Amino acid sequence: SDNRSGNYDIYVQRVNTSGSVHWTTDGVALCTAAGDQQYPTIISDGAGGAIVTWYDSRSGSNWDIYAQRVNASGAIQWTANGVALCSATGNQQYPTIVSDGAGGAIVTWLDYRSGSNWDIYAQSVNASGAVQWTANGLALCTAAGNQQYPTIISDGAGGAIVTWYD
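In what follows, the accompanying structure is described. Model, not experiment: these values are computed from the prediction.

### A short note on the side chain of Gln-147
Argument step 1. Assignment of secondary structure puts Gln-147 in the loop between strand S10 (138–141) and strand S11 (148–154).
Argument step 2. Exposure remark for Gln-147: the relative accessible area of 0% places this residue in the buried category.
Argument step 3. A polar atom in the side chain of Gln-147 sits 3.2 Å from the backbone oxygen of Ala-143.
Argument step 4. Side-chain polar atoms of Gln-147 contact the backbone oxygen of Gly-145, separated by 3.3 Å.
Argument step 5. Other than its neighbours up to four places away in sequence, Gln-147 contacts Leu-110, Trp-118, Asp-119, Ile-120, Cys-141, Thr-142, Trp-164, Tyr-165 and Asp-166.

Encoded structure:
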């Protein structure tokens, strides 16, 4: 997350084992949309590139969850400024990400769409950048009280296991 333009944007850089930079000087811009983009998390796409997710205030009223894929050469692979994984009402923050084993990812986050408690949601995005599950994410836990700070790992079969503080 970089504020060189006056708001926080998302950049990524590839560095080899010798410490040499491979992509554009100062990084490839993944998202320079209006508002701030913060808290990026990253995984390998399994083909020398990466998938990055972050929370984003481009809507002007709430934080939403976005993701972007960059290939091994540093070229953006999905929609300019990222694919919206969740743009529901309320704030969505602190995404975590895991590979789906097929060039895509599963992302989980804190979600305040209920307006009364933080809940846990997740979304799958395929290698082409198409959202795979219910629009704005699949509810993993909407129990009473707050659920926060999810972590995620692969289940080894294209899915994921998610834990959180409740």
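Next comes the rest of the account.
### Some thoughts on the pairing of strand S4 (residues 50–56)
Argument step 1. Of all 7 residues that make up S4, 7 are buried, and the element is covered over most of its length.
Argument step 2. Burial along S4 is two-sided: Ala-50, Val-52, Trp-54 and Asp-56 and Ile-51, Thr-53 and Tyr-55, pointing in opposite directions, are all buried.
Argument step 3. Pairing of strand S3 (residues 37–44) with S4, which is carried by 6 bridges, proceeds in the antiparallel orientation. By the bridge assignment for S4, Gln-37 is matched with Asp-56.
Argument step 4. Sheet topology note: the S4/strand S5 (residues 64–70) ladder contains 7 bridges and is antiparallel. Paired with Ile-51 across the strands is Arg-69, a residue of S5.

### Observations concerning the pattern of salt bridges
Argument step 1. Per the stated rule, a full pass over the model turns up 4 salt bridges.
Argument step 2. Note that Asp-45 is salt-bridged to Arg-69, the shortest N-O span being 3.0 Å. Of this pair, Asp-45 sits in the loop between S3 and S4 while Arg-69 sits in strand S5, and the two are 24 residues apart along the sequence.
Argument step 3. The exposure class assigned to Arg-69 is buried, which follows from its relative accessible area of 13%.
Argument step 4. Ionic pairing is found between Asp-56 and Arg-58, a salt bridge with its closest N-O pair at 2.8 Å.
Argument step 5. Residue Asp-56 is classed as buried on the basis of its relative accessible area of 0%.
Argument step 6. Under the relative-accessibility criterion, Arg-58 is labelled partly exposed at 25%.

### Some remarks on the sheet that holds S10
Argument step 1. The 4 strands lie next to each other as S7-S8-S9-S10, forming an open sheet whose pairing is antiparallel. Strands with a single pairing partner mark the edges of an open sheet, and in this sheet they are strand S7 (92–99) and S10. Between one strand axis and the next, the sheet turns through 30 degrees on average, direction left out of account.
Argument step 2. Alignment of strand S8 (residues 105–111) against strand S9 (residues 119–125), held across 7 bridges, turns out to be antiparallel. Within S9, the residue paired with Val-107 across the bridge is Gln-123.

What counts, and where the lines are drawn
Throughout this description, residue numbers start from 1 for each chain and increase along the sequence as written. Two thresholds apply to this predicted model, a pLDDT of at least 70 for residue-level local features and 80 or more for giving and counting side-chain atom pairs, whereas whole-chain, interface and lining totals are computed over all residues. Side-chain metrics rest on all non-hydrogen atoms present in the structure, leaving aside hydrogens and water. Secondary structure is summarised from DSSP: a helix means a run of H or I of at least four residues, a strand means a run of E of at least two, and numbering begins at the N terminus for each. Burial here depends on accessible area, computed with a 1.4 Å probe over protein chains only, as a share of the maximum for the residue type. Under 20% is buried, over 50% is exposed, and the range in between is partly exposed. Any pair of nitrogen or oxygen atoms within 3.5 Å is treated as a polar contact; in protein, a donor-acceptor pairing is required on top of that, and neighbouring residues in sequence qualify only through side-chain atoms on both sides. We call two residues in contact when some of their heavy atoms are within 4.5 Å. When DSSP finds two or more bridges between two strands, those strands count as paired. For this analysis, a salt bridge means a side-chain nitrogen from Lys or Arg found within 4 Å of a carboxyl oxygen belonging to Asp or Glu. Only the stretch in contact is used when fitting a helix axis, every axis being a line fitted to C-alpha atoms; angles between N-to-C directions are given from 0 to 180 degrees.

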